[in-house]
Number of protein chains: 2
Amino acid sequence: MPADPTELQPRKQPRQVRAELTRQRILTAAAHVFAEYGYAAGTTNRIAERARVSIGSLYQYYPNKDAILLELMTRHLTAGIVAHRQRRDAEPSGTLEQALRAQVRAVIDNHRDDPNLLRIMFEHAPRSPELFRKIAQFEREHIAYAQQLLAEYPEVRVQDTYVAARLVVSTAELVIHKLMAEPDPLDVERLENEMVAMLLSYLTAPPRAEGEG
Amino acid sequence: MPADPTELQPRKQPRQVRAELTRQRILTAAAHVFAEYGYAAGTTNRIAERARVSIGSLYQYYPNKDAILLELMTRHLTAGIVAHRQRRDAEPSGTLEQALRAQVRAVIDNHRDDPNLLRIMFEHAPRSPELFRKIAQFEREHIAYAQQLLAEYPEVRVQDTYVAARLVVSTAELVIHKLMAEPDPLDVERLENEMVAMLLSYLTAPPRAEGEG
DNA sequence: CAAAGAACTGAGTTATTGCTCAGAATAGGG
DNA sequence: CCCTATTCTGAGCAATAACTCAGTTCTTTG
């Protein structure tokens, strides 16, 4: 439990090429080890062993175990944000259904990347303030984008686009990850269609009178 | 990591009243300690200390740490299943909206119980086969009930009630827990209404032609 | 090619924690 | 009130894992 936040920064900046390679090897090994053993049982010695690097080298670049997971998460989220912005700025969104489908696909692809590592990072997040902050920031950006998107379509008839955006983003993320996971993963195409259908019908349903039903 | 499944059974059955009290104190203390420190940092010594019981006593009733969490989870799920069956068998379900609302409310109440402990149990589940099995069984029952419910309402126009049931159950569970959690929890009443609206519109939307939109 | 410093090594230190066990305290039946 | 069974105690054992550091190897540079 690091009290000093600088303790999460890498200890030394590599000056030689081999050092950069070592860093990269450690990171790759950590991703595999965490995904296979989980965070607690993914020991630093195991990571070093898998990276074919001595434990001492590992601690030259990462002051502690948390710092390794933090960097993995940072890289993952950064890549996600970049891809996200590219999609947003590149082509026009098309119909509402197309836009929703694009978002749903992105989550599905994200899951396929490395479900185990992903799960471990998100599980560990509540105990690591740094991770928590990073994820929260990412989510905020996600929701802001979704809200902005909803505002573009007149057929979206929800009362409050902020609440709707949060609901849509959470639903897509959580439910897709859940239903793609073991045991009994759902057929991906089916899942995609149902998810799009659900979000679409929610967003475009006529506003309901109080106490209707 | 217990290899022998009998290692998860309590070691001895209490014969005197004080023993039963000790057992209960340990369990209550464990719930608090796990909720506050998480599973890894919630050490058995801390639990014993909080229960004002010696560490030796703890190990007379629980063969290892996992067994404590397992019993907490078992009690929680059992209570959930019982309440669930009572709701199902007691009154008629009413309209579809009313039935959905009842389910959504149940999840909300469930969350309010003890969100931290709940999160920890579900996080730890993947690493504990026993826990995993218990949860899976509970979910299966949940889905089966939902599927049966959907079949009762002609206005439900989904293709496959099994898939729809899984979607509905997962969505309610995950999204509610997420949006009620820190940071920035949503207003509960609002959440309830939106969730019901989303599920209802999904279930009753007219079937969509292929490639529509 | 030699000196300086960057990078690497891995046995060992330190701290933590799950869990044991020998014995003390308490309860209940005769 | 004694004897046996039950319950409780807590110092300490054993295992594990994060992390250090003194010394070695490799790179670069003047």
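This text goes with the structure placed above it.
Residues numbered from 1 in each chain as written. Chains lettered and ligands numbered in written order. Predicted model: local features only at pLDDT ≥ 70, side-chain atom pairs only at ≥ 80, totals over all residues. Heavy atoms only, no water.

Asker: Help me understand the packing of helix H5 (residues 96–113) of chain A against helix H9 (residues 188–204) of chain A in this model?
Answerer: Geometry of a packed helix pair, given as the angle between the helix axes and the separation of the axes. All names here are of chain A. Taken N-terminus to C-terminus, the directions of H5 and H9 make an angle of 140°; their axes are 9 Å apart at the nearest point. Of the possible angle classes, the one that applies to H5 and H9 is oblique. Helix-helix and strand crossings are classified by hand; for H5 and H9 the assignment is right-handed. Taking contact as the criterion, the partners of Leu-96, Glu-97, Leu-100, Arg-101, Val-104, Arg-105, Ile-108 and Arg-112 in H5 are, on H9, Val-188, Glu-192, Asn-193, Met-195, Val-196, Leu-199, Leu-200, Leu-203 and Thr-204. (Axes fitted to C-alpha atoms, helices over the stretch in contact; angles between N-to-C directions. Helix = DSSP H or I, 4+ residues; strand = E, 2+ residues; numbered from the N terminus. Parallel < 35°, antiparallel > 145°, perpendicular 65-115°, else oblique. Left-handed = near helix turned anticlockwise from the far one by under 90°. Contact = heavy atoms within 4.5 Å.)

Asker: I'm lost on the relation of the copies chain B and chain A in this one. Help?
Answerer: Related by rotation about an axis and a shift along that axis, the two copies of the chain form a pair. Rotating chain B by 179° and moving it 0.0 Å along the rotation axis overlays it on chain A with an RMSD of 0.1 Å. Taken together, the rotation and translation relating the two chain copies correspond to the operation of a two-fold axis. When the interface residues of chain B are mapped onto chain A, 100% of them again lie at the interface, so the same face is used by both copies. (Least-squares fit on C-alpha atoms with pLDDT ≥ 70 in both.)

Asker: Whenever I open this one, the environment of Leu-200 of chain B confuses me. Can you help?
Answerer: With respect to the helices and strands, Leu-200 of chain B occurs in helix H9 (residues 188–204). For the pair Leu-200 of chain B and Tyr-153 of chain B, spaced 47 residues apart in sequence, the C-alpha to C-alpha distance is 12 Å.

Asker: Explain helix H7 (residues 129–151) of chain B to me, please; I cannot follow it from the model alone.
Answerer: Quick reminder: α-helices carry 3.6 residues per turn. Residues three or four places apart thus point the same way. Residue and element names in this part refer to chain B. With 23 residues, H7 extends 33 Å from end C-alpha to end C-alpha; this agrees with the ideal 33 Å at 1.5 Å per step. Where H7 is concerned, the buried positions are Leu-131, Ile-135, Ala-136, Phe-138, Glu-141, His-142, Ile-143, Tyr-145, Ala-146, Leu-149 and Leu-150. Packing partners of the buried residues in H7 comprise helix H4 (65–89), helix H5 (96–113), helix H6 (115–124), helix H8 (161–180) and H9. (Expected span 1.5 Å × (residues − 1). Buried < 20%, exposed > 50% of the residue type's maximum accessible area, 1.4 Å probe, protein only.)

Asker: What is the right way to look at the interface of chain B and chain A in this model?
Answerer: How big an interface is tends to be stated in terms of the accessible area lost upon association of its parts. Contact with chain B, which involves 37 residues of that partner, is made by 37 residues of chain A. For the pair chain B and chain A, the summed buried surface comes to about 3600 Å²; carbon and sulfur atoms form 59% of the total. When residues of chain B are sorted by the area they lose upon contact with chain A, Arg-166, Leu-167 and Met-198 of chain B head the list and together hold 16% of the total. Counting across the interface, chain B meets chain A through eight salt bridges. One can count 14 residue pairs in polar contact (both at pLDDT 80 or more) joining chain B with chain A. Listing elements by their share of the side of chain B that touches chain A, those giving two or more residues are H6, H7, H8 and H9 of chain B. Tallied by class, the residues present in the side of chain B that touches chain A amount to 18 nonpolar, five polar and 14 charged. (Buried area = accessible area lost by both parts, 1.4 Å probe. Salt bridge = Lys/Arg side-chain N within 4 Å of Asp/Glu carboxyl O. Polar contact = N/O pair within 3.5 Å; in protein donor to acceptor, adjacent residues only side chain to side chain. Nonpolar A, V, L, I, M, F, W, Y, C, P; charged D, E, K, R; others polar.)

Asker: Explain the protein's contact with DNA strand D to me, please; I cannot follow it from the model alone.
Answerer: Neighbouring DNA strand D are 25 residues; Arg-15, Thr-22, Ser-54, Gly-56 and Tyr-61 of chain B lie closest to it. Each atom of DNA strand D within 4 Å of the protein was assigned to sugar, phosphate or base; sugar and phosphate come to 67%. At 2.9 Å, a side-chain N or O of Thr-44 of chain A approaches a phosphate oxygen of DNA strand D. Within the backbone of Gly-56 of chain B, an N or O atom sits 3.4 Å from a base nitrogen of DNA strand D. Of all the elements, helix H3 (residues 55–61) of chain B adds the most residues to the surface near DNA strand D, at five residues. (Near = heavy atom within 4 Å.)

Asker: In this structure, what is going on with the protein's contact with DNA strand C? I would like to understand it.
Answerer: Taken together, the neighbourhood of DNA strand C is formed by 25 residues, with Arg-15, Thr-22, Gly-56 and Tyr-61 of chain A together with Thr-44 of chain B sitting nearest. Atoms of DNA strand C within 4 Å of the protein: sugar and phosphate make up 67%, bases the balance. Within the backbone of Gly-56 of chain A, one N or O atom sits 3.4 Å away from a base nitrogen of DNA strand C. Within the backbone of Thr-44 of chain B, a nitrogen or oxygen atom sits 2.8 Å from a phosphate oxygen of DNA strand C. Counting only elements with at least two residues in the surface near DNA strand C, the list comes to helix H1 (17–41) and helix H3 (55–61) of chain A together with helix H2 (44–51) and H3 of chain B. With five residues, H3 of chain A is the single largest residue contributor to the surface near DNA strand C.

Asker: Would you mind going over unusual backbone geometry with me for this structure?
Answerer: Glycine aside, a negative phi is what most residues show, and trans is what most peptide bonds show. All names here are of chain A. The peptide bond linking Glu-182 to Pro-183 adopts the cis configuration, its omega dihedral lying at -10°. Its location among the elements puts Pro-183 in the loop between helix H8 (161–180) and H9. Despite not being glycine, Asp-184 shows a phi value in the positive range, around 65°. Within the secondary structure, Asp-184 sits in the loop between H8 and H9. A relative accessible area of 46% places Asp-184 in the partly exposed class.

Asker: Can you help me understand the pattern of salt bridges in this one?
Answerer: Under the criterion given, the structure shown has 24 salt bridges over all chains. One salt bridge in this structure joins Lys-178 of chain B and Glu-139 of chain A, with 2.8 Å as the shortest N-O distance. Highlighted residues: Lys-178 of chain B in helix H8 and Glu-139 of chain A in helix H7 (residues 129–151), drawn from two different chains. Under the relative-accessibility criterion, Glu-139 of chain A is labelled partly exposed at 28%. With a closest N to O distance of 2.8 Å, Glu-192 of chain B and Arg-101 of chain B form a salt bridge. One end of the pair, Glu-192 of chain B, is in helix H9; the other, Arg-101 of chain B, is in helix H5, with 91 residues separating them in the sequence. Here Arg-101 of chain B falls in the buried class, since its relative accessible area comes to 16%. Salt bridges sharing common partners tie together Glu-97, Arg-101, Arg-105 and Glu-192 of chain A.

Asker: Looking at this model, I keep getting lost on H2 of chain B. Mind explaining?
Answerer: All names here are of chain B. Those residues of H2 not exposed but buried are Thr-44, Ile-47, Ala-48 and Ala-51. Summarising the axial view, the buried residues of H2 lie within an arc of 95°, below the 170-degree limit, and thus occupy one face. Looking at the buried positions of H2, the neighbouring elements they touch are helix H1 (17–41), H3 and H4. (Arc of directions from axis to C-beta.)

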